[in-house]
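Structural description and commentary
Here is how the chains run, residue by residue.
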Amino acid sequence: MSATNLLHIQHLSKIFHSAKGDVKALHNIQLDIREGEFVTVIGPSGCGKSTLLKIIAGLDVDYNGTVSLGGRTVEGPGIDKGFIFQEPRLFPWLTVERNIAADLSLRKPEVRKKVDELIELVRLKGFEKSYPRELSGGMAQRVAIARALLRNPKVLLLDEPFGALDAFTRAHMQEVLLDIWERNRTTMIFVTHDIDEAVFLANRIIVLKPRPGAIQNVIRVDLTFPRKKSSTAFQQLRYKVLGEFDKIEELELVGGAGI
Amino acid sequence: MSKPLELLGQPDRKAQNEKRWAISAKWRARLSSFAIGAILPVSLLAIWQLAGDLGLIDTFFLPTPSMIFAAFGDLFASGDLTYHLGVSLGRAAVGFAIGGSIGLLLGLVVGFSRYGEYVLDPSVQLFRMVPHLAIAPLIILWFGFGEVSKILIIAKGAFFPLYINTFLGIRNVDNKLFDVARVMSFSRWKQIFLLVIPASLPQMFLGLRLSLALSWLGLVVAELIGSQAGIGFLMTIAKQNSIMEIIFVGVILFAVVGKLIDSFVRLLERRFLQWQDSYKG
């Protein structure tokens, strides 16, 4: 791959200050992500994976180290960094198409055209005029993805976006997301606690370990798309990730932190 | 359970029948919900009329519905009713417009700004606890028995519900949606008009309904204190001349017009808040 480096993270550390004392959430994270890459971040709870994503998004700027996107230091949230939360967080008073447009006017032909294209892309044709209360969880999350994509982000940050969905919807959503990625080549950083999901989607899996949050290992995934979860190669990668988890657990036990 | 042949034979007629059925069912449901609501008042009226006709109650103190209706007809025919109702409605409207808009404005200020809250809210809460009747003598001494006093009393009633509900509506906006606004780089202006105002609209509507109701109720206090026109004035005259029917006409007018105003706001509410997903019983 000759694609350029998009995201550059160096010596990133984050400390949460509280009345009970300071907690080190992230310790010396070094990470480079190329343009067009699909990276999944996985780790046990408390490993700081959501914190890492919030820092990249610019939602949390209280950290040490450097985080730069496209050569510019991240100083706050912006439309160049699309963010998908665990819940869809749609505006309940707006219809699907107006949720996607949000602060942009659908009367402008270029917005209208883009919204229609995105509705097609996230497979929501026929639901343009529906209100969020009329949608299922998976549909609502697809609206949220379309809303983020409309703003042409350099990177799409997804914080356990399918965590609240049932297994079938989740599998379907993973395929929808891969389809979007293959067409648009938007760089994706996807946080999850589901090993299958991490292997199914990624070019690279970042495994984080907790207390303090740090990179345990980075696993390359060279399987071709579409991937089959039942294939031997897939299962081997799965075991590899599980192996990393075992190492983390041993460290935890030795360290006496327990679970 | 299987009638595929029939369905294949006449698909259009079946669809049409279903459509017609759906429309009539909708009206039937509407009619039946109206009928259910009418059962109690209609039967009460019937018992009341019967008791009066049979001499079970003294019709001087409790005139029968037909007597009240006759008095209503006389008042309407003479044009008095329209005139006095017009005066009352005008007062309530002006009082509501003044009190309600100040309430809305201060509610917005206090809702959006923490400093606004610290500076304004304690005083407003103090003022809220002063009853109409306690402050009425002061208002009358200052402004006399003219229109100004009446409108001030009505405005005082209209002020608080809109103030409180606007304030609380803004403060109850889901913080998670603010994160979305940040991620999409909404300006402060867009945050207000695209997020905060629509999100707090349901509670502002509640404030609007309560404010209108209190303006209407404040009207009674204002007009009974002393006035030369209005429904309250009609009732005062009727009281002095012991014409029970007209007092009843006044009471019923207050109830019916108040209900109509409330129904109108609820209609607006349904129009603007159709997106809401809440328990409907």
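Look up a bit, the structure's there.
Presented here is an overview of the structure given in this document.

Conventions and cut-offs
Residues numbered from 1 in each chain as written. Chains lettered and ligands numbered in written order. Predicted model: local features only at pLDDT ≥ 70, side-chain atom pairs only at ≥ 80, totals over all residues. Heavy atoms only, no water. Patch = residues over 30% accessible without salt bridge, like charges linked within 9 Å, V, L, I, M, F, W, Y side chains within 5 Å. Areas by Shrake-Rupley, 256 points an atom, 1.4 Å probe, with all protein chains shown as cover. Salt bridge = Lys/Arg side-chain N within 4 Å of Asp/Glu carboxyl O. Helix = DSSP H or I, 4+ residues; strand = E, 2+ residues; numbered from the N terminus. Buried < 20%, exposed > 50% of the residue type's maximum accessible area, 1.4 Å probe, protein only. Pairing = 2+ DSSP bridges. Polar contact = N/O pair within 3.5 Å; in protein donor to acceptor, adjacent residues only side chain to side chain. Contact = heavy atoms within 4.5 Å.

**Considering a nonpolar patch on the surface**
Residue and element names in this part refer to chain B. A surface patch of nonpolar side chains, about 640 Å² in accessible area, is lined by L138, L141, W142, F143, V148 and L152. Those elements that place two or more of their residues in the nonpolar patch are α6 (132-143) and α7 (147-171). At four residues, the largest contribution of residues to the nonpolar patch is made by α6. Here F143 is to be found in helix α6. The exposure class of F143 is partly exposed, given its relative accessible area of 41%.

**Some points on the pairing of strand β6 (residues 81-84) of chain A**
All names here are of chain A. Side chains of β6 alternate between two faces, with K81 and F83 and G82 and I84 buried alike. Pairing of β6 with strand β7 (residues 155-159), which is carried by four bridges, proceeds in the parallel orientation. If you follow K81 over to β7, its bridge partner there is V155.

**Some details on the side chain of R91 of chain B**
Residue and element names in this part refer to chain B. Tracing the backbone through its elements, the reader meets R91 in helix α4 (residues 80-112). A distance of 2.8 Å separates the side chain of R91 from the side chain of E147, its partner in a polar contact. For R91, the residues in contact, after removing those within four places along its chain, are E147, K150, I151, I154, L219, E223, S227, A229 and G230.

**Quick word on the pattern of salt bridges**
All told, the structure shown has 28 salt bridges over all chains when counted by the stated rule. Where D179 of chain A meets R183 of chain A, a salt bridge forms, and the shortest distance between an N and an O atom there is 3.3 Å. Of the two residues, D179 of chain A and R183 of chain A are both situated in helix α5 (residues 167-184); the distance of four residues between them amounts to about one turn of the helix. What makes R183 of chain A exposed here is its relative accessible area of 59%. Taken together, the shared-partner salt bridges connect E87 and R89 of chain A together with K176, D179 and R182 of chain B into one network.

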